[in-house]
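# Overview (structure and organization)
Single-letter residue listing:
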Amino acid sequence: NAGVTQTPKFQVLKTGQSMTLQCAQDMNHNSMYWYRQDPGMGLRLIYYSASEGTTDKGEVPNGYNVSRLNKREFSLRLESAAPSQTSVYFCASEGTGTGVSGYTFGSGTRLTVV
Amino acid sequence: AQSVAQPEDQVNVAEGNPLTVKCTYSVSGNPYLFWYVQYPNRGLQFLLKYITGDNLVKGSYGFEAEFNKSQTSFHLKKPSALVSDSALYFCAVRDGDYKLSFGAGTTVTVRA
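Residues numbered from 1 in each chain as written. Chains lettered and ligands numbered in written order. Predicted model: local features only at pLDDT ≥ 70, side-chain atom pairs only at ≥ 80, totals over all residues. Heavy atoms only, no water.

### Here we look at the environment of B:Ala81
All names here are of chain B. Tracing the backbone through its elements, the reader meets Ala81 in the loop between strand E9 (73-78) and strand E10 (87-94). Overall, the relative accessible area of 0% leaves Ala81 in the buried class. In sequence terms Ala81 and Leu19 are 62 residues apart; their C-alpha atoms lie 5.9 Å from each other. Excluding residues within four positions of it along the chain, Ala81 makes contact with Val13, Ala14, Glu15, Gly16, Asn17, Leu19 and Val110. (Helix = DSSP H or I, 4+ residues; strand = E, 2+ residues; numbered from the N terminus. Buried < 20%, exposed > 50% of the residue type's maximum accessible area, 1.4 Å probe, protein only. Contact = heavy atoms within 4.5 Å.)

Below is the structure:
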């Protein structure tokens, strides 16, 4: 099925460890996003990529890096995980050029940093 | 800066009764407004959007939303709620660039 695929679905890290969250979409969308979801705070934008080859910081970029590998893939890297990064991470994508269509979200990665 | 507020953390209704989830927004230009729903352990699903045109927007699963420019509101409504509508609902706004700003979310519980 077409959509946004995130891996892994669950991950437990020790403080200081690194990891990369993967995201891929097969809808030929230009824009891709990484959000984190924390209770009572809604979704907060970490980084986004308006098109292949470009990335920009969102609301809460500290402690994260991203790579827009190609049009399909947009990865999020935690270089040195901290307990404050315990969260649920969502990747999303949106097509552009045909009006405002809204985001398509992946199913999320639940990350725990101990 | 753009933002949305969802003033109610929780909404509880009986099945068959009308459901309203409130949202107010703040943008510098013309707003693009969205509603999303999240079921447990799932990603967010698009419900409906307002870009321009009619103030009453119809979306998925029988939901609709009313855009009110003077009150800067975009409330989500359903005439007759179902138990299966129990979920977390998010309002979101965009004012021209690509980024959506989300509200904190409202948990809807529909009791049988």
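### Section: the nonpolar core
Of all hydrophobic cores here, the largest spans 27 residues; its most connected members are B:Leu19, B:Trp35, B:Leu47, B:Leu48, B:Phe74, B:Leu76 and B:Tyr89. For this core, the element with the highest residue contribution is E10(B), accounting for four residues. Leave out the neighbours within four places in its chain, and B:Leu48 touches B:Leu33, B:Phe34, B:Trp35, B:Val57, B:Lys58, B:Gly59, B:Phe63, B:Glu64, B:Ala65, B:Phe74 and B:Leu76. By size, the runner-up hydrophobic cluster in this structure holds 20 residues, among which are A:Cys23, A:Leu76, A:Leu78 and A:Ala81. (Core = buried A, V, L, I, M, F, W, Y, C linked by side-chain atoms within 4.5 Å.)

### Here we look at the interface of chain B and chain A
Contact with chain B, which involves 20 residues of that partner, is made by 22 residues of chain A. A combined buried area of about 1,600 Å² lies between chain B and chain A, and 59% of that area is made up of carbon and sulfur atoms. Summed over the shared surface of chain B and chain A, the number is one salt bridge. Put simply, B:Arg94 and A:Glu94 hold a salt bridge, and the shortest N to O gap is 2.7 Å. For the interface between chain B and chain A, the tally reads five residue pairs in polar contact (both at pLDDT 80 or more). Mapped onto the side of chain B that touches chain A, the elements with two or more residues apiece are strand E5 (32-38), strand E6 (44-50) and E10 of chain B. Element by element, the count of residues in the side of chain B that touches chain A is highest for E5(B), at four residues. Its residues assigned to classes, the side of chain B that touches chain A comprises 12 nonpolar, four polar and four charged. (Buried area = accessible area lost by both parts, 1.4 Å probe. Salt bridge = Lys/Arg side-chain N within 4 Å of Asp/Glu carboxyl O. Polar contact = N/O pair within 3.5 Å; in protein donor to acceptor, adjacent residues only side chain to side chain. Nonpolar A, V, L, I, M, F, W, Y, C, P; charged D, E, K, R; others polar.)

Keep in mind these numbers describe shape, not what the thing actually does.
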